[in-house]
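This is what each chain is made of:
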Amino acid sequence: MFFRMIKGALFRQKSKMIMIAVTIALGASLATAMLNIMLDVGDKVNQELKAYGANITVVPKENSVLTDLYALDGQEETAAAHLKEDDIGKIKTIFWGFNILDFTPFVNTTVVLDDETEVKLTGTWFNHHLALNTGEELDAGIHSLRSWWDVKNGQWLDEQKEGTANGGAMVGTVLAERLGISSGDSLHVKTSDGEKTLSVVGVFDSGGDEDEQIFTTLATAQELSGTKGLIDSIEVSALTTPDNELAKKAATKGPGSLSPADYETWYCTAYVSSICYQIQEAIPDSVASPVRQVAESEGNILDKTQLLMILITILSLFGSALGISNLVTASVMERSNEIGLLKAIGARDYRISGIVLTEIIITAVVGGVAGYFMGYGFAQIIGQTVFNSSIEMKPMVIPIVAVLIVIVTLAGSIPAIRMLLRLRPAEVLHGR
Amino acid sequence: MSLLEIKNVSKIYGPLKALDNVNLTVENGEWLAIMGPSGSGKSTMMNIIGCMDKPSLGEVILDGVDIAKESGKKLTEIRRDKIGLIFQQFHLVNYLTAVENVMVSQYYHSMPDEKEALEALERVGLKDRAKHLPSQLSGGEQQRVCIARALINHPEIILADEPTGNLDEANENIVIDIFKQLHRQGTTLIVVTHDPEVAEVAQRTVVLEHGRLVNEIKNEGFEE
Amino acid sequence: MKKQTMFLRMITASLLRRRSRMLVALLAIAVGATILSGLVTIYYDVPRQMGEQFRSYGANMIFTSSNGKKLSKSEIDSAKKKINNSQLVGAAPYRYENMTVYERPLMAASTDFDEAQKTSPYWRVDGEWPSAEGQALVGQEIAATLEVKAGDTVTLVYDLDEAPATADEANKGERNQNSRDFTVAGILDTGGNEEKYIFISVPDMEALTGKTDVFDMTELSVSANRDELEKYADTITKNVDGVSARLVKRVTQSENTVLSKLQALVLLVTVIVLLLTMICVATTMMAVVTERRKEVGLRKALGASNKSIIFEFMGEGLLLGAIGGLLGSVCGFIFAQAVSMNVFNSSIQFHWVLIPITIIVSVLVTGLSCLLPVRSATDVDPALVLKGE
């Protein structure tokens, strides 16, 4: 029955129009899907690139001396500057607060184990519940900033669970192997400011230096290092716009060098340098700097991906445009007899063109509307399959697709109509 | 035995009887004209004789074979071998030259032979126009190409449907002259027409009206 | 004349003398084929090209010593040989030593600056990269502490004695020390730990410390996917004495995630674009063939069997498909090359096998889209078609 329907559709006059409408719908859906994906791919890939972790670090302004290097010489660092724990939430209140995806504070200290070896201990948030004074509530912490950690046994520390909030710890795989401990075991550590027995919740493999460290909750580390309410640094993961000339100028010469208009543009664009600047404004006595490894590469890859998608989009727009205009040309030519007849019975050229064009434009509108919704479907299929999130449908795509379809159908039909009009009716009717 | 025998043939389309119990016999070498106003069943008759349609009732015996009983595929073969068709609208393949159009018929029949095809065109006086496309030929010339194409495989019957319907008088005369020549060579001709002048020149004319044979005229003044 | 000759003559006549319509059909096929070959080429080349872009994240593999001793140049070189040379973007050896500047202890690192630029393309240098001996690259944090800028001079002092200096000894200058002056070529800004080091060249370090052919680790940037990297690391650790190769999980893991998403994106886009384009090509072909129903009727009336009519139309369609496919694969290559040059500034790797594939697909699509309308046309009574107009 299906094939019978197709056959029927192919050979009845009205159905020819359906075929044109279908082709226009396909072309329109292609254009819609590709344009929407192209416009959204930056955001989507940006989200994916967050897998590389933080792209901004915030440290105290006066942190001019180097804790770990002095420690190598056996000297105690006494005058290290700190940030205040209470200020962390302010990161979310900056102009581009919405672009701040995650952040976590760090407290670094060195602890002595039972076998008298020294080990680095880091206090941080894991999934810290934060209620901002703006009324917003969120969970922030290290989990998404260390997406490459492979928790080998046990699990991620859950701060919001009773019991692990205080004294829970995650241990790097190298250290765990050396000590012969795994999740569920406990670990006794001491510092000059106190001692504590940590319960190991998980062992992780980071593939880097962190494999020799202990990660615990912020409160635990502060207690051990005697720095209550203070933190050493903050890592921030933010969605940023790739740097351009303006951003580079602001980054190298400082925002002060910009003209007021440029400053405004820079401040209101999510460049990594402007976000850093805003963080510095929000958190007293802090220096926020981009992690070049992440920030720079991000911009590079985003630019390339976007350019790639733009070119693919151009190709598919070109393809669907040619496809549509081709079919329209073919179907107009097919009507040579009809046009010849109309001419033979004395119809004026503009009337003939009017009739044919109206029919095609009506078909194009029907096809275009159907195509827009098909394209919506295709875009969502791609969004869900690739990024597990829906593609935002930009309203600006609608006029673009509409104009494209109208131009393309006209471009496809007018030359064909003109060509047929030039023929003498007798020629057409006598089967040229 | 007659070349074509039509016995009690009816063609029924729903409530309409296009042909109603028609009996007709055509002898070998005969020139027959079928006349009648539009809607009289001429075209149906032509389609049935041309193996492009089958009667609802009755027998059509062509060269000893009842084509009313044959399958579509077999009908195509019979048409190819025994019938040469000439159409009112010529129906030439518009992208092939005159000689190629003639060769198409050879191609489906047996072997294409350009020399033979050119000879056929010569017979209809178109040798010098052989390399022209249909769009470059006048209506009369196109119809002559069509005749050459119908002749090329030496069919038992030439079946012409309003061959002069689209032609002016001069061309009409040329076509009639060719028919006369064919008749002299012994070709069986069946011409469907509503033009009395064309019917007049045939040996015998049958008149169809509302699907029935209402009259049969022997052309007394027919010159062999 | 042979039957085949007439067959070819009819087909070529149809293609050549019905120029405008055939151009329409050919254009449709060629566009379809262009999209096919262009997108598939890009799809295959994107991981490679993008992979190279991801190298801007820096080293994804490091060599360390597996026997507790330091690495030697020969060990590093033999390990490097295990990696396909075309995939190796850079390999920068590092050596770290404690030194002092104006009595302030700090960490000095020696490296090959040319290689370091390749493995850490994200380093931003304010000033120049060191290009000669006696020049140093100073991390931003150190530079702030020492209050130096590009063009200044710093004196690095290396303690040859193992034990730390007491204040007394230092004052008297009784320590066994080597010192050397360096011009600050540039200030290094990375936003990471590197800002806490002073980088000098390998010969300078060897002259200062008196120990040659010693390295702590080597950072490598290899343009390969995670599986390949794991294989390399495994081979090197097992087969090269004294070298242990490890992957920088942060880089490899994340690259794997992002790159696989990108590839999936391009794949899906390719599939959908291709699907829609092919349907467009098919509808155009159908329109072109449907137009010729009268001709089908005529040929039938002349005694052609359905089979031979289908055969002729298919012949025409297939020829058209082949020409369009060939044209399209060339255009597709040009497109892919243009994309590659624009996006990645490098030329594309063309897979020759795509030419036959493109042609075959075009032929199939055109063939199928001819077949449907021709078959329907042959089913129709020739008398009806011929009487039609």
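Parameters at a glance
- Residues numbered from 1 in each chain as written.
- Chains lettered and ligands numbered in written order.
- Predicted model: local features only at pLDDT ≥ 70, side-chain atom pairs only at ≥ 80, totals over all residues.
- Contact = placed C-beta atoms within 7 Å.
- Helix = DSSP H or I, 4+ residues; strand = E, 2+ residues; numbered from the N terminus.
- Nonpolar A, V, L, I, M, F, W, Y, C, P; charged D, E, K, R; others polar.
- Buried ≥ 20, exposed ≤ 12 C-beta atoms within 10 Å, placed from the backbone.
- Axes fitted to C-alpha atoms, helices over the stretch in contact; angles between N-to-C directions.
- Parallel < 35°, antiparallel > 145°, perpendicular 65-115°, else oblique.
- Left-handed = near helix turned anticlockwise from the far one by under 90°.
- Pairing = 2+ DSSP bridges.
- Domains from an automatic or database assignment.

Next up on the list: the interface of chain C and chain A. Of the residues lining the interface, 67 residues belong to chain C; the matching set on chain A comes to 65 residues. In terms of residue count, helix H9 (residues 249-290) of chain C provides more of the side of chain C that touches chain A than any other element does, 25 residues in total. Its residues assigned to classes, the side of chain C that touches chain A shows 38 nonpolar, 18 polar and 11 charged.

As a further point, take the environment of Lys196(C). Residue and element names in this part refer to chain C. Tracing the backbone through its elements, the reader meets lysine 196 in the loop between strand E7 (177-189) and strand E8 (197-201). Using a count of 20 C-beta atoms within 10 Å as the deciding quantity, one classes lysine 196 as buried. The spacing of lysine 196 and valine 138 is 58 residues in sequence and 8.2 Å in space, taken between C-alpha atoms.

Let's shift gears to unusual backbone geometry. A positive phi is found at Asn388(A), a non-glycine position, where the angle reads about 55°. Positive phi, close to 50°, is recorded for His91(B), a residue that is not glycine. For His91(B), a count of 26 C-beta atoms within 10 Å translates into the label buried.

Moving on to the packing of helix H2 (residues 19-54) of chain C against helix H11 (residues 306-344) of chain C. Residues and elements named next belong to chain C. Look at H2 against H11: their axes get within 6 Å of each other, and the N-to-C directions meet at 40°. Considered as vectors, H2 and H11 are oriented oblique to each other. Viewed along their axes, H2 and H11 form a crossing whose handedness is right-handed. Its residues assigned to classes, the contact of H2 with H11 shows 17 nonpolar, 13 polar and one charged.

Residue and element names in this part refer to chain B. The strand order across the open sheet formed by four strands is E2-E1-E4-E5, and the pairing between neighbours is antiparallel. The outermost strands of the open sheet, each flanked by one partner alone, are strand E2 (16-26) and strand E5 (65-66). Here seven bridges tie strand E1 (residues 4-13) to E2, and the two strands are oriented antiparallel to one another. Among the inter-strand pairings, leucine 4 is bridged to a residue of E2, identified as valine 26. Lying on the sheet, helix H1 (residues 42-49) is in contact with E1, E2 and strand E4 (57-62); it crosses E1 at an angle near 125°.

This part is about the sheet that holds strand E6 (residues 83-86) of chain B. All names here are of chain B. Reading across the sheet, the six strands line up as E6-E7-E8-E3-E9-E10 and stay open at both edges, with mixed pairing between neighbours. Two strands close off the open sheet at either side, each with one partner strand: E6 and strand E10 (212-218). Here the strands of the sheet are splayed against their neighbours by 20° on average, with no regard to which way each runs. Helix-sheet contacts for helix H5 (residues 139-151) involve E6 and strand E7 (157-161), and the interaxial angle to E6 is about 170°.

Splitting chain A by domain gives domain 1 (13-45 + 299-429) and domain 2 (55-290). Spacing between the C-alpha centres of domain 1 of chain A and domain 2 of chain A amounts to 53 Å.

Let us look at helix H10 (residues 293-301) of chain C. All names here are of chain C. Among the nine residues in H10, nine count as buried, and that is most of the element. For H10, the complete set of buried residues consists of Arg293, Lys294, Glu295, Val296, Gly297, Leu298, Arg299, Lys300 and Ala301. Once H10 ends, the next one or two residues include glycine 303, with phi positive near 100°.

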